[in-house]
Amino acid sequence: MTSADTSSGIRTARGSVAIVNARLVPVASDEIENGTIVVTDGVISALGADVPVPDGVPVVDAGGKPVYPGFIEAHGHLGVHEEAEGWAGNDTNEMTDPNGAGLRAIDGINIEDEGFRDALIGGVTSAVIKPGSGNPIGGQTVAIKTWGGRTVDEQVISDAVSVKSALGENPKRVYGDKKQLPSTRLGVAAVIRAAFVEAQNYRAKRDAAAAKGDPFDRDLAKETLVRVLDGELAWDQHTHRADDIATALRLADEFGYRLVINHGTEGAELADVLAERDVPVIFGPLFTSRSKVELRKRAIANLGRLAAAGVRVAITTDHPVVPINFLIHQASLAVKEGLDPKTAIEALTVNPASFLGLRDRVGALEPGLDGDLVIWSGDPLDVNSRAEQVFITGTRVYTWDASSGGAVVERSSRF
């Protein structure tokens, strides 16, 4: 097994495999009955009904079962909010400065968090790990594989995804309790607005210094926000209420960044506006109670309403708020409440890959994409179905059978 540098990160350990006699569900193209998919050195090299298996490539017979691309958790806290670790394993929020743009989620990820093993049980092979929502600006996110590296760096898909930001109750409560700015919604928006103005000024001074060949003092927080202004990073906006979503749109208009709504509990009330502006929504988590005021209108059916209006949607467990292996079950309940089944699968694959800038690596079964494949016992949207075999970049990392249950291939067995 090897790993190799790529333009978007360091690939996890890679392998080769051919899955035959499968119902291939590429998501971004038509299904293929009795198909074969070949992964060569971690990357999908071919798929179709009449694809030959190269010599020396291990063969797995799917027995007619469906094969899907690995699912994507578009908004989670795996590894930065570890399960069963309490205070010691919670690095989600650095709630000492409202502007945490200089923070990076990757620096707090423990890849031995039990949640990564749970991800495989649910067929989740990629996750965008984000800081929490305690700050108006929480920090930079990172997209990683859910298994396979000796270190988190070997699991990185992309470290140029987005910056997490929060509107509404969470930052208002955190800093209001401290009797400091921001203690109101006005203050939260003001912190974000001021940070971007400072970033604009920083960019102008930096560029002027570079043109003259003069030295210039770097500022990591401002540099990150400049990357948002330049369109390199998306702006992941935690927001629930419709009025906060309106504020998110207002701020995006002022500074011209790529906005992605996270949670969007009341997004259906502005679905036509979001659709017209092509602002995507990472919706959820769905398996929760109305635990605070801004969740008063929480309803699973709101996801279907957003999608019906033409909004591109993804689904989140917000792990560990909801266990990550329940990602597909949230999609199933959304279908029950009106979401189109095809859209439900797209919300776990091609949609988040597209609007979070990961489409060149994951999100579908296509030649050139990573060999992240899952053999399911049946339709994943059927709650009785389970992920039976999970491959990440062509390497089998999880297997389930009736006699022994599920088994993760541990790092100690692979490296």
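Above this text sits the structure in question.
Our subject in this report is the structure included herewith. (Residues numbered from 1 in each chain as written. Predicted model: local features only at pLDDT ≥ 70, side-chain atom pairs only at ≥ 80, totals over all residues. Heavy atoms only, no water.)

Focus on the sheet that holds strand E9 (residues 124–129)
So, point 1. The sheet built from 4 strands is open, its strands ordered E8-E9-E11-E12 with mixed pairing. In this open sheet, the two edge strands, each paired with only one partner strand, are strand E8 (71–76) and strand E12 (156–158). With direction set aside, neighbouring strand axes in the sheet form an average angle of 30°.
So, point 2. Bridge count for strand E11 (residues 142–145) against E12 is 2 bridges, and the pairing is antiparallel. Counted as the bridge partner of Ile-144 is Val-156 from E12. (Pairing = 2+ DSSP bridges. Helix = DSSP H or I, 4+ residues; strand = E, 2+ residues; numbered from the N terminus. Axes fitted to C-alpha atoms, helices over the stretch in contact; angles between N-to-C directions.)

Section: the sheet that holds strand E17 (residues 313–315)
So, point 1. The mixed open sheet is built from 6 strands, whose spatial order is E10-E13-E14-E15-E16-E17. For this open sheet the edge positions go to strand E10 (137–140) and E17, each flanked by a neighbour on one side alone. Taking the axes of each pair of neighbouring strands and ignoring which way they run, one obtains an average angle of 20° across the sheet.
So, point 2. Summarising the sheet, strand E13 (residues 162–166) and strand E14 (residues 234–239) pair through 5 bridges and their orientation is parallel. Residue Val-163 lies in a different strand from E14, and its bridge partner there is Trp-235.
So, point 3. Contacts between helix H3 (residues 185–212) and the sheet are confined to E10, E13 and E14, with E13 contributing the most and set at about 150° to the helix. (Contact = heavy atoms within 4.5 Å.)

A word on the nonpolar core
So, point 1. Counting 79 residues, the largest nonpolar core has Ile-109, Ile-129, Phe-196, Trp-235, Tyr-257, Leu-259 and Leu-274 as its most contacted members.
So, point 2. With near-sequence residues (within four places) excluded, Trp-235 lies in contact with Ile-137, Val-163, Ser-165, Ile-192, Phe-196, Leu-225, Val-228, Tyr-257, Arg-258, Leu-259 and Val-260. (Core = buried A, V, L, I, M, F, W, Y, C linked by side-chain atoms within 4.5 Å. Buried < 20%, exposed > 50% of the residue type's maximum accessible area, 1.4 Å probe, protein only.)

Quick look at the packing of H3 against helix H4 (residues 220–229)
So, point 1. The N-to-C vectors of H3 and H4 enclose an angle of 90°; their axes lie 9 Å apart at closest approach. When the axis of H3 is compared with that of H4, the two are roughly perpendicular. Between H3, through Ala-195, Phe-196, Glu-198, Ala-199, Gln-200, Tyr-202, Arg-203 and Arg-206, and H4, the contact on the second element is made entirely by Lys-222, Glu-223, Leu-225, Val-226, Val-228 and Leu-229.
So, point 2. Partitioning the contact of H3 with H4 into residue classes produces 8 nonpolar, 1 polar and 5 charged. (Parallel < 35°, antiparallel > 145°, perpendicular 65-115°, else oblique. Nonpolar A, V, L, I, M, F, W, Y, C, P; charged D, E, K, R; others polar.)

Looking at the pairing of E8
So, point 1. In terms of burial, E8 is largely enclosed, as 6 of its 6 residues are buried.
So, point 2. Strand direction decides the pairing type here: E8 and E9, joined by 4 bridges, are parallel. Bridge pairing in E9 places Ile-72 opposite Ser-126.
So, point 3. Once the chain exits E8 it traverses helix H1 (residues 114–121) before rejoining the sheet at E9, and the crossover so formed is right-handed. (Right-handed = clockwise from strand over helix to strand, strands pointing away.)

Here we look at the packing of H3 against helix H5 (residues 242–255)
So, point 1. Running from amino to carboxyl end, H3 crosses H5 at an angle of 15°, the nearest separation of the two axes being 11 Å. In terms of orientation, H3 lies roughly parallel with respect to H5. The two elements H3 and H5 meet at a crossing, and its hand is right-handed. For the pair formed by H3 and H5, the contact residues are Arg-185, Ala-189, Ile-192, Arg-193, Phe-196, Val-197 and Gln-200 on the first element and Asp-243, Asp-244, Thr-247, Leu-251, Glu-254 and Phe-255 on the second.
So, point 2. Each residue belonging to the contact of H3 with H5 can be placed in one class, and the counts come to 6 nonpolar, 2 polar and 5 charged. (Left-handed = near helix turned anticlockwise from the far one by under 90°.)

Some words on the packing of aromatic side chains
Each aromatic ring pair is summarised here by two numbers: the centre-to-centre distance and the angle between the ring planes.
So, point 1. Throughout the structure, instances matching the rule amount to 7 aromatic pairs.
So, point 2. Put simply, the rings of Phe-196, Trp-235, Phe-255 and Tyr-257 touch in pairs and so form one group of aromatic residues.
So, point 3. Between Arg-386 and the ring centre of Trp-400, over which it is positioned, the NZ or CZ distance is 4.0 Å. (Phe/Tyr/Trp six-rings, centres within 6.5 Å; stacked < 30°, edge-to-face > 60°. Lys NZ or Arg CZ within 6 Å of the ring centre and 35° of its normal.)

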